[in-house]
Amino acid sequence: TVSIEKIKELRETTGVSMMSCKTALEEANGDAEKAIGILRKKGEAKAADRASKSTGQGAIVVKSDGKKAAMVTLLCETDFVARGEDFLALAESLAEKLLKGEIKPEDKDLPEVKEAVLKLGENVQIGEMRLISADNVGSYVHSNKKIGVLVSLKGGNADLARDIAMHIAATNPQVISPDEIAESLVDKEKEIWTDQLAKEGKPAEIIGKIMLGKEKKFREENALIKQVFVKDPEKTIEQLLKAQDAMVIKFVRFFI
């Protein structure tokens, strides 16, 4: 006798009918892995077959209410499916549920995603999900739905938050301020700079100054507040924030 719980678990994994799952589990003496193999041999476990397929395509969706925003990356196998109405509707639904607190960012194994595997005929998986809240939350999703950004501000306004989110999408900063760059990243760059300077034959007495300059530039290029604002090259993000008495608390950038 196979428990109803095991039958339900196999049903969720494979998308196969309860009766077929029961029969396969009985044949496999309750071993779920063997039961999946039996169903696959019979050509029934479509979801299990698709699970090994790579998911290099997908879409990023954001839902926001001004003070809170949710971003979801939903993945699939082909761009054709990623642009389809059913796939995008699922991504929108997941983002809405995340915003409302009906699901959590760590939830991955959801029944509607498994159903999509059967309906769309492709491996569909949740990539990353994130929820942030603040005085002002800005978001931006590129037109191809392959890049998405959330940013939370203290102070400022909705327009500023969106502008900074769009900037982050374009420039891909690693941190907010230069001092947040990990020393391990700087050390890796220093190894490269040292080799370059040695090949260029730079005098030993000026190498130290050159290295300091390179480190400063590296930190600033990868720090949001030191970057030149994409919509106004006359300003840095730091200046833009200061003018509106605002501060970036956090940002998240997803990319497919």
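Our subject is the structure that appears above.
None of these values were measured; they are calculated from a predicted model.

## What about the nonpolar core?
Part 1: With 23 residues, the main nonpolar core has L74, F87, L94, V124 and I126 as its most contacted residues.
Part 2: Of all the secondary structure elements, the ones that give two or more residues to this core are β1 (57-64), β2 (68-76), α5 (79-82), α6 (85-100), α7 (111-120) and β3 (125-133).
Part 3: For this core, the leading source of residues is α6, giving seven residues.
Part 4: Judged by nonpolar contacts, the second largest core, of 21 residues, contains L153, I168, F229 and L240.

## Regarding the environment of K202
Part 1: Here K202 is to be found in the loop between α9 (183-200) and α10 (204-221).
Part 2: Here K202 falls in the partly exposed class, since its relative accessible area comes to 36%.

## What about the sheet that holds strand β6 (residues 247-255)?
For sheets, the rule is that strands pair by backbone hydrogen bonds, running either parallel or antiparallel.
Part 1: Within the open sheet, the three strands sit side by side as β4-β5-β6. Their pairing is antiparallel. Bordering the open sheet on either side are β4 (136-141) and β6, each of which pairs with just one other strand. Looking at each pair of strands side by side, their axes are set apart by 10° on average, direction ignored.
Part 2: Strand direction decides the pairing type here: strand β5 (residues 147-154) and β6, joined by eight bridges, are antiparallel. Bridge pairing in β6 links S152 to K250.

## Considerations on the side chain of R219
Part 1: Here R219 is to be found in helix α10.
Part 2: When its relative accessible area of 12% is taken as the criterion, R219 is described as buried.

## Some words on the pairing of β2
Part 1: Counting buried residues in β2 gives eight out of nine residues, a clear majority hidden from the surface.
Part 2: In the sheet, β1 pairs with β2 via eight bridges, with the strands oriented antiparallel. In the sheet register, Q57 faces β2, and the bridge partner there is C76.
Part 3: The turn linking β1 back onto β2 is made up of three residues, and G66 within it adopts a positive phi angle of 100°.
Part 4: With seven bridges joining them, β2 and β3 adopt antiparallel strand pairing. Within β3, the position partnered with V72 by the bridge is M129.

## Describing the pattern of salt bridges
Part 1: If you walk through the whole model with that rule in mind, you get 15 salt bridges.
Part 2: Between K231 and D163 there is a salt bridge, and its shortest N-O distance comes to 3.0 Å. On the criterion of sequence distance, the pair formed by K231 in the loop between α10 and α11 (237-243) and D163 in helix α8 (residues 158-171) is long-range, its members being 68 residues apart.
Part 3: With relative accessibility at 21%, the residue D163 sits in the partly exposed group.

## Let's talk about unusual backbone geometry
Part 1: Although it is not a glycine, N172 sits at a positive phi angle of roughly 55°.
Part 2: Classification of N172 by relative accessible area gives partly exposed; the value is 33%.

## Digging into α10
Part 1: Across its 18 residues, α10 extends 26 Å between first and last C-alpha, which sits within 8% of the 26 Å expected from 1.5 Å per residue.
Part 2: Along α10, the positions that sit buried rather than exposed are M211, E215, F218 and R219. The buried residues of α10 occupy one face: seen down the axis, they fall within an arc of 95°. Exposed side of α10, more than 90 degrees from the buried face: E205, K209, K216 and K217 are the residues found there.
Part 3: Buried residues in α10 make contact with α9.

About the thresholds
Residues numbered from 1 in each chain as written. Predicted model: local features only at pLDDT ≥ 70, side-chain atom pairs only at ≥ 80, totals over all residues. Heavy atoms only, no water. Core = buried A, V, L, I, M, F, W, Y, C linked by side-chain atoms within 4.5 Å. Buried < 20%, exposed > 50% of the residue type's maximum accessible area, 1.4 Å probe, protein only. Helix = DSSP H or I, 4+ residues; strand = E, 2+ residues; numbered from the N terminus. Pairing = 2+ DSSP bridges. Axes fitted to C-alpha atoms, helices over the stretch in contact; angles between N-to-C directions. Salt bridge = Lys/Arg side-chain N within 4 Å of Asp/Glu carboxyl O. Expected span 1.5 Å × (residues − 1). Arc of directions from axis to C-beta. Contact = heavy atoms within 4.5 Å.

In short, the description is geometric, and any link to function would need to be established separately.
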